[in-house]
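# Fold and geometry: a report
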Amino acid sequence: MIRAAVPTDRSPGARPLHAALAALLLAVAAAMLPYASGIALAAPARGGAANLAMIGEPQTLDPMASTADLVSIIMQHVYEPLYTFDGNWNVAPMLAESLPAISKDGLVYTIPLRKGVKFHDGKEMTSDDVVASLKRWMEMAPRGKAVAKEIKSLEARGPGTVVITLNRPYAPLLAHFALPSGFAVIMAKDSIATPLTQFVGTGPYMFKERKPDQYVQLVRFDGYSARSEPPNGYAGKREALLDELRFVPVPNANTRVEGSLSGQYHFADLLPVESFSRVDGKPNVKAMLTAPFGFPYLVLNTKQGPLANIALRQAVQIALNDADMMAAGFGDPKFFSVEGNHYAKGTPFYSMAGTENYGRGDAKKAAAMVAAAKYDGTPIKILTSQAYEFHYRIALVMAENLKAAGFKVDMQVVDWATLIQRRNEPPLWDIYITHSAVLPEPTLTPPQLGDGAPGWWSSPAKKAALDAFDAETDSAKRGPLWGKVQEVVYTEVPYIRVGSFNSVTARSAKLDGYVVMPYPFFWNTGLSK
Amino acid sequence: MRAPSRSPSALLLRKLFRRRLVLAGAIVLVIIALLALFAPWVTPYEPTAMKIVDRMQSPRASHWFGTDELGRDVFSRVVFGARYSLTIGALVVLISVTGGVLLGLVAGFFRRLDGPIMRVVDAMMSFPDILLAIALVAVLGASMTNVILALAVVYTPRVARVVRASTLVVRELLFIEAARALGVSTWRILFVHILQNIASPILVQATFIFAYAVLAEAGLSFLGVGVPPELPTWGTMIASGQQFAHQAIWLVVFPGVAIILAALSLQMVGDGFRDLLDPKLRKAM
Amino acid sequence: MTRYLASRFVGMLIVMAIVATIVFFITRLAPGDPAAIMLGDQATAADIAKLRASYGLDKPLPVQFVYWLGELVQGNLGQSIFLQRPVTQALIERAEPTLFLTLFSIIIATAIGVPCGIIAAVWRGTATDQVFSGFAMLGASIPSFWFGLILMQIFAVGLGWFPVAGYGDPGVPLGERLHHLVLPSIVLGVVNSALILRFTRASMLDVLGDDHIRTARAKGLSEAQVILHHALRNALIPVITVLGLTFALLIGGAIVTETVFGLPGVGNLVVSAVLRRDYPVIQGALLVIAGLYVLINLAIDLLYLAVDPRVKY
């Protein structure tokens, strides 16, 4: 606030001078006013359309029907969840008014809903929409199905409250609502159908048009009900500054790079790490390195095929040279790290349990284990895709490592659509490769920690360790309990975490206000002229 | 009266090597074939041997064509790629020529079968090559065998057409009528007498189909609907190399040049054959 | 003449019928379940079965075929499973880039091929002829996708004269779109000019040796007149055939070029449809392209009637 410093000295001779001084100061202050308000606002400009280059064409626009990141990235602008993550990965309310009231025994969550939140069709959100949406999520999404097992009842209490009763205390409940992959979003009850043809949500952007293989077009929703807290991560106030968002599928990584450099795309997702040096330092583009971004992991079929034998799975683990695999996938060491602990040192879930089995690349020992397990020579079917180039390269190294250990290998390179379909069938694969974002809540990923995900990992040790972990709500005690889960994973080898990698994305220098988060979002961002 | 015992083919080969360009093409072809044949002895590295620390090296003494993103030697891969391309080409030619000759002879000789057979041939030829090949590989699955089968199906109609046209001409020649009058069996007429005299245009078509097959396999593999990507064919090398085109152009250049050399030398030889053909038969093509 | 046309028309129908049968059975025999792909990785078996039924995928093959033929005759190419819109609409939406690409490629190919072919024929045996013929052979040996990659590196990435890929954002003016087509058209045009050059040269050579050319020369007409008026007209006839052939080559080349340059054309549509097992689109595209080819052939034969006085039906 500008206050003119008017001296209160009343000595007679000084008065005209003081007045002049005061007037001068006032004048200067008045002249400063526009600048001051300009500085205070400093928000990115409003208007314009952004071209956002994505890794491909989303299979569906139904965020509950797919765990593919691409679907969540796009549709998180259209739909919102009850709770979301802030910049420190704490759970924060979104469509819920505030954090829920939890009963003393930890079994009953009373969730207050915000009032006056409008859907894109103009109707107000009520608890009916919330209950219908969450029920759908619990039936469709794998995490939803896992969460459904914990839930005794889910019902509306009046139009503004939803009550969830659990079977036993379950700490990760709200985190599961917040995770964008296989998203628990709130849809307008009347729009719910399978397959989903109308996309009616509460988000700052509305669905306008989809031209497959060309773009998905979202436009600003003028009736958006924003929160009032300042933006923090995904939480807080969301403002649709850009008029229009165009998500363009650009499967060719090189084209994404070139398009960013030429200014054709205002944002390009998941650039190959080799391109970082090309994009870094250019005047019109900003290269963004997210470290760590994610981890590639291999899923092993514990239900059918040669790897149903735990001894052979352990042999696979010993045979793999994870350092080589990460190097093949990502090249320069500044883009990846090779370590067996699932969580980095310094984070609450850091543990070295079981890591003596990691990254051994010991062909001899593995061969001995293979022989001892009486491997009958059935080829190990490796399922991979070239949609993510690093998947394919990692798979190639894995194949060589396995062959060196005496396994027979059958590489099957398919397109991504076929892979996600095939991985649901036990007889069709033995190992497939995919990746996940690094998330702060351990049970959120990979899906094999849940139930019914491909790989079909199920064992008493798993249940015991996870039950203990899920039941513990005291955050100080959760760390060591996670170590126990990690140890079971290293012993039973349902999946193998290969390492951590950093992602490279690029944005135009004109895209202001962009905040780097694993599922890129474009509210609160604008295009300067 | 007997059929001419001196086939045009023998005369052809002699005249062929008198033209310099054709000779050059033939030499290049022979070199490629020899490299492919003796690949394991000619190459300094295994084509699949990965050495991650040596990845993405530009051409140098230790790696003549550089290394790729997994540290594999590009020269070795290009040479082994020749094996795949030549094998695929040769098998495609073998199958399509066999099929095409059968269809074409029958269509050209038996008037009543001519219509139906050629209608099907016309229908097959209404599809652009790559399109039909893609569709067939999609049905059969992506493997080297299926690529060969798919391409053979694509090119058989072309051979059939040429064979039919030549058969129509040769059928009217006097000696055929004489043979028939003498009571020579139809099969013998078809497969000995007529075939002998249309061998030259078949040979020309065969060399061109070889070239087309090499190019087509590269295209299919590039699109991702050809042989499995872990096989080191020229097409898959370009497909995986294109994402590094900016920093490692050698990954794209060398396999491409190999394709050009193979296709070019085949066409030069084929051209040479064609130019020296009996003009009467040439008109029929 | 009408009898000729009628018989040609009937022949065309038969060919198209065979094409339709081939197309249907090729795509139906392919493995992979489009319904499962479309519903995503979390679909339940019940959902998939429901979707299959709604697309008629659960009926026996011959029944599906008859049904499909019936639709076809009414001009309905079916509904794309992935794109959720009629195949006809999807093809029309994607037609523009492919049509322009084909058009410009033919223009470039003809502009290079015909004059060079004439020159090569007229100066047969000289160094010029050898150079042009050599260029033609080279052109027929270069994989179009490789050529596209190299040109892209040099002119789009390196020099920045052209956009690297794509067809421009929705709503940009036509001129901007055409700018995106320059490099792909050059690639396809140059590669296909080879065939046109060879054919023009060969057919010019044929014609130049003909009797009526000798007569024209004997009459005292200048060489230029001989070439332009007499030789060219006759030589063009087979060249028209080649243009028809080139159309098929161009569609094939367009598929690959569209992939390299990321153009949202029909070729790209077909490749994605194959990868996604979108049967209706694959079938529709194959049918339309084959159908166009058959029609073009008919048109060319009719052109012969008009142009070549010697041809009598």
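Definitions and limits used
Residues numbered from 1 in each chain as written. Chains lettered and ligands numbered in written order. Predicted model: local features only at pLDDT ≥ 70, side-chain atom pairs only at ≥ 80, totals over all residues. Heavy atoms only, no water. Helix = DSSP H or I, 4+ residues; strand = E, 2+ residues; numbered from the N terminus. Contact = heavy atoms within 4.5 Å. Areas by Shrake-Rupley, 256 points an atom, 1.4 Å probe, with all protein chains shown as cover. Lys, Arg positive; Asp, Glu negative; His and termini not counted. Charge placed at Lys NZ, Arg CZ, Asp CG, Glu CD. Salt bridge = Lys/Arg side-chain N within 4 Å of Asp/Glu carboxyl O. Polar contact = N/O pair within 3.5 Å; in protein donor to acceptor, adjacent residues only side chain to side chain. Nonpolar A, V, L, I, M, F, W, Y, C, P; charged D, E, K, R; others polar. Buried < 20%, exposed > 50% of the residue type's maximum accessible area, 1.4 Å probe, protein only. pLDDT = per-residue confidence, 0-100. Pairing = 2+ DSSP bridges. Axes fitted to C-alpha atoms, helices over the stretch in contact; angles between N-to-C directions. Buried area = accessible area lost by both parts, 1.4 Å probe.

## Notes on the overall build of chain B
In terms of regular secondary structure, chain B is built from 12 helices and 0 strands. Its helices and strands in sequence order give chain B the pattern α-α-α-α-α-α-α-α-α-α-α-α, from N to C terminus. Pairs at least 24 residues apart make up 72% of the contacts formed inside chain B by residues separated by at least 6 positions. As presented, chain B carries roughly 11900 Å² of accessible surface, and 65% of it is formed by carbon and sulfur atoms. Charge separation in chain B, taken as the distance between the mean sites of 26 positive and 15 negative side-chain charges, equals 11 Å.

## Describing the interface of chain C and chain A
The interface of chain C with chain A comprises 27 residues on the first partner and 31 residues on the second. Summed over the shared surface of chain C and chain A, the result is 0 salt bridges. At the boundary of chain C with chain A, the tally comes to 1 residue pair in polar contact (both at pLDDT 80 or more). Elements supplying a minimum of two residues to the side of chain C that touches chain A: helix H2 (34-39), helix H3 (45-54), helix H5 (87-122), helix H7 (144-158) and helix H11 (266-276) of chain C. A per-element tally of the side of chain C that touches chain A places H2(C) first, with 4 residues. Among the residues forming the side of chain C that touches chain A, the class breakdown is 12 nonpolar, 5 polar and 10 charged.

## Digging into the pattern of salt bridges
Residues and elements named next belong to chain A. All chains considered together, the criterion is met by 26 salt bridges over all chains. One salt bridge in this structure joins Asp190 and Lys123, with 3.7 Å as the shortest N-O distance. Pair noted here: Asp190 is in the loop between strand E9 (185-186) and strand E10 (205-211) and Lys123 is in the loop between strand E6 (108-112) and helix H3 (127-140), with a separation of 67 residues, a long-range link. Judged by its relative accessible area of 49%, Lys123 is partly exposed. One salt bridge connects Arg227 with Glu229, and the closest N-O pair in it is separated by 3.0 Å. One continuous salt-bridge network, built from bridges that share partners, spans Glu150, Arg168, Lys463 and Asp467.

## Details of the confidence of the model for chain B
Residue and element names in this part refer to chain B. The pLDDT averaged across chain B works out to 85; a share of 91% of its residues lies at or above 70. Confidence scores differ between elements of chain B, with helix H12 (residues 279-284) showing the lowest mean pLDDT of 45 and helix H4 (residues 74-109) the highest of 93. With pLDDT under 50 throughout, residues 1-5 is counted as low confidence; its partners more than four residues away or in other chains account for 6 contacts. Scored as a complex, the prediction yields pTM 0.81 and ipTM 0.85.

## Concerning the sheet that holds strand E7 (residues 151-156) of chain A
Residues and elements named next belong to chain A. Read from one edge to the other, the open sheet built from 4 strands follows the order E5-E6-E8-E7, with strand pairing classed as antiparallel. With partners counted over all chains shown, the strands left at the sheet margins are strand E5 (101-102) and E7, one partner each. Here E5 runs beside E6; their pairing, made up of 2 bridges, is antiparallel. Bridge pairing in E6 links Ile102 to Tyr109. Where H3 meets the sheet, it contacts E7 and strand E8 (161-166), and its direction lies at approximately 150° from that of E7.

## Digging into the interface of chain B and chain C
Opposite the 43 residues of chain B that make contact, chain C presents 43 residues. For the chain B and chain C pair, buried surface summed over both sides reaches about 3600 Å², with 80% attributable to carbon and sulfur atoms. For the interface between chain B and chain C, the tally reads 1 salt bridge. When the shortest N-O distance is used, the salt bridge between B:Asp271 and C:Arg198 registers 3.0 Å. For the interface between chain B and chain C, the tally reads 5 residue pairs in polar contact (both at pLDDT 80 or more). Of all the secondary structure elements, the ones that give two or more residues to the side of chain B that touches chain C are helix H5 (111-125), helix H6 (129-140), helix H9 (186-223) and helix H11 (250-275) of chain B. Examining the composition of the side of chain B that touches chain C, we find that 12 residues originate from one element, H11(B), more than from any other. In terms of residue class, the side of chain B that touches chain C is built from 32 nonpolar, 6 polar and 5 charged.

## Notes on the side chain of A:Arg227
All names here are of chain A. Along the polypeptide, Arg227 turns up in the loop between strand E11 (215-220) and strand E12 (244-249). One polar contact links the side chain of Arg227 to the main-chain carbonyl oxygen of Met94, over a distance of 2.7 Å. Here Glu97 takes part through its backbone oxygen, which lies 3.0 Å from a polar atom of the side chain of Arg227. Discounting residues that sit within four places of it in the chain, Arg227 has contacts with Pro93, Met94, Ala96, Glu97, Arg114, Gly236 and Lys237.

## Points about unusual backbone geometry
All names here are of chain A. Here the amide bond leading from Thr445 into Pro446 is cis, since omega sits at -5°, within 30 degrees of zero. Inspection of the secondary structure assignment puts Pro446 in the loop between strand E18 (431-437) and helix H13 (460-471). Non-glycine residue Trp89 carries a positive phi angle of around 65°. Secondary-structure assignment places Trp89 in the loop between strand E3 (83-85) and strand E4 (91-93). Despite not being glycine, Lys374 has its phi angle at roughly 60°, a positive value. You can call Lys374 exposed: its relative accessible area is 71%.

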